[in-house]
Amino acid sequence: MSELSLRASGQPVTAIQGSCDTHLHFYDHAFPASSTALLHPPDATPHEYREVQRLLGLDRLVIVQPTTYGLDNSCQLDALASFGGAARGVMVVDSSTPVAELSRLTDLGVCGARFHMLSGGAVPWSMLDDVAARIAPFGWHIQVQLNGRELAGRREQLLALPVDVVIDHVGRFMPPVDVGDPNFAALVDIAQSGHGWVKLSAPYESSTEPVTDSAQDHGDLDPLLDALVESAPDRLLWASNWPHPGQPKQPSPATLATQLERWVPDAHARHRILVDNPDQLYFNDTLARRY
């Protein structure tokens, strides 16, 4: 399905009032990259993303600090301000970030601290517990991206944190595991704990299938997606991962919409994942004033 046919076919499956894209990044060469950055994507601006929003019928968004900028959140905060109350932020802080800065970030709409535990990440595992304790009084959560094959070994640490935990990209198992794998069981345990969430996003980060133009791409993740949707629909979030950094073939908005419909065929469950769950995690403080 092309963007033209998406527009002509009526409302996409994401076009529900209050729908939220819970993971995207902005890039701007006016902001210096970190010396540890491994990815240097081309500029991706709020103006460009608004077209993605329009095509998908999305109302809200969560801007996530990418590894490109390390601990300097300026580029994402600049974009966050341009979307007003419809946006929230997940930024990168460490154990030396002053309380006054955490308070300032909270006032700007930041509600989470990101830990990217793969190459290029700015904050190590050794700071996880300390950062979680520091952000807890502000109501933030921890967002973790890791190779999901480490989840069984990290399960107890993550479940013991004093804040909610969000796991990126269907767990990002590299390569995908079977639903009976202990690491996937750990992901389900985190989701069902009452303090954990999982993002349905970026299947290309795990899949070993070749990328084509078909919305059936990444079918090797389907058993994991099916199991998550069945076992923990009230703890799932959807995200575009726009602008798909590091991907030579980027999915179109039409492909994203078709993938979501395939992953979550039930309309009630889609509403929960697109609207109700983001309400609870990101927007519970001001939702009544906006919708």
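Calculation rules
- Residues numbered from 1 in each chain as written.
- Predicted model: local features only at pLDDT ≥ 70, side-chain atom pairs only at ≥ 80, totals over all residues.
- Heavy atoms only, no water.
- Helix = DSSP H or I, 4+ residues; strand = E, 2+ residues; numbered from the N terminus.
- Contact = heavy atoms within 4.5 Å.
- Axes fitted to C-alpha atoms, helices over the stretch in contact; angles between N-to-C directions.
- Parallel < 35°, antiparallel > 145°, perpendicular 65-115°, else oblique.
- Left-handed = near helix turned anticlockwise from the far one by under 90°.
- Nonpolar A, V, L, I, M, F, W, Y, C, P; charged D, E, K, R; others polar.
- Core = buried A, V, L, I, M, F, W, Y, C linked by side-chain atoms within 4.5 Å.
- Buried < 20%, exposed > 50% of the residue type's maximum accessible area, 1.4 Å probe, protein only.
- Pairing = 2+ DSSP bridges.
- Right-handed = clockwise from strand over helix to strand, strands pointing away.

Caption draft 1: Geometry of unusual backbone geometry. Residue Pro175 is reached from Met174 by a cis peptide bond, and omega for that bond is -5°. With an omega of 5°, the peptide bond between Trp242 and Pro243 qualifies as cis. Note on placement: Pro243 falls in the loop between β8 (236-238) and α9 (253-263). In the Ramachandran plot, Arg172 falls in the positive-phi region, its phi being about 45° despite a non-glycine side chain.

Caption draft 2: Looking closely at the environment of Arg154. With respect to the helices and strands, Arg154 occurs in helix α6 (residues 151-159). A C-alpha to C-alpha distance of 8.6 Å links Arg154 and Ala186, two positions 32 residues apart in sequence.

Caption draft 3: A look at the environment of Gly196. Topologically, Gly196 is positioned in strand β7 (residues 196-200). The spacing of Gly196 and Trp125 is 71 residues in sequence and 18 Å in space, taken between C-alpha atoms. Ignoring sequence-local partners within four residues, the contact set of Gly196 consists of Val165, Ile190, Ala191 and Arg235.

Caption draft 4: Broad picture of the packing of helix α7 (residues 182-192) against helix α8 (residues 222-231). Relative to each other, α7 and α8 sit at 25°, their axes nearing to 11 Å. Considering the angle they form, α7 stands roughly parallel to α8. Regarding α7 and α8, the two cross each other, and that crossing is right-handed. Each of Phe184, Leu187, Val188 and Gln192 in α7 lies in contact with α8, whose residues at this interface are Leu224, Ala227, Leu228 and Ser231. Classifying every residue of the contact of α7 with α8 gives 6 nonpolar, 2 polar and no charged.

Caption draft 5: View of the nonpolar core. Counting 73 residues, the largest nonpolar core has Ile142, Val144 and Leu158 as the members making the most contacts within it. The greatest single-element share of this core, amounting to 6 residues, is contributed by α7. Dropping the residues within four chain positions of it, Ile142 is found in contact with Ala113, Phe115, Leu128, Val131, Ala132, Ile135, Leu161, Val163, Asp164, Val165 and Val166.

Caption draft 6: How the structure looks around the sheet that holds strand β4 (residues 110-116). Pairing in this open sheet of 8 strands is parallel, and the strands run β1-β2-β3-β4-β5-β6-β7-β8 from one edge to the other. Where the open sheet ends on each side, the last strands, each with one partner, are β1 (20-24) and β8. Strand-to-strand, the axes of this sheet are offset by a mean angle of 25°, without reference to chain direction. Pairing of strand β6 (residues 165-167) with β7 involves 3 bridges; the strand directions are parallel. What sits directly across from Ile167, in β7, is Val198. Packing against the sheet, α8 makes contact with β7 and β8, and its axis sits at approximately 135° to β7.

Caption draft 7: The pairing of strand β2 (residues 60-64), seen in detail. The element β2 is extensively covered by neighbouring structure, given that 5 of its 5 residues are classed as buried. Neither face of β2 is exposed, since Arg60, Val62 and Val64 on one face and Leu61 and Ile63 on the opposite face are all buried. Note that β1 and β2 share 3 bridges and pair parallel. Note on β2: the bridge partner recorded for Leu24 is Ile63. Taking the sense of rotation as the criterion, the β-α-β connection linking β1, helix α2 (residues 46-56) and β2 turns out right-handed. A crossover links β2 with its parallel partner strand β3 (residues 87-91), the connecting element being helix α3 (residues 74-83), and its sense is right-handed.

As far as function goes, none of this settles anything; it's purely spatial.
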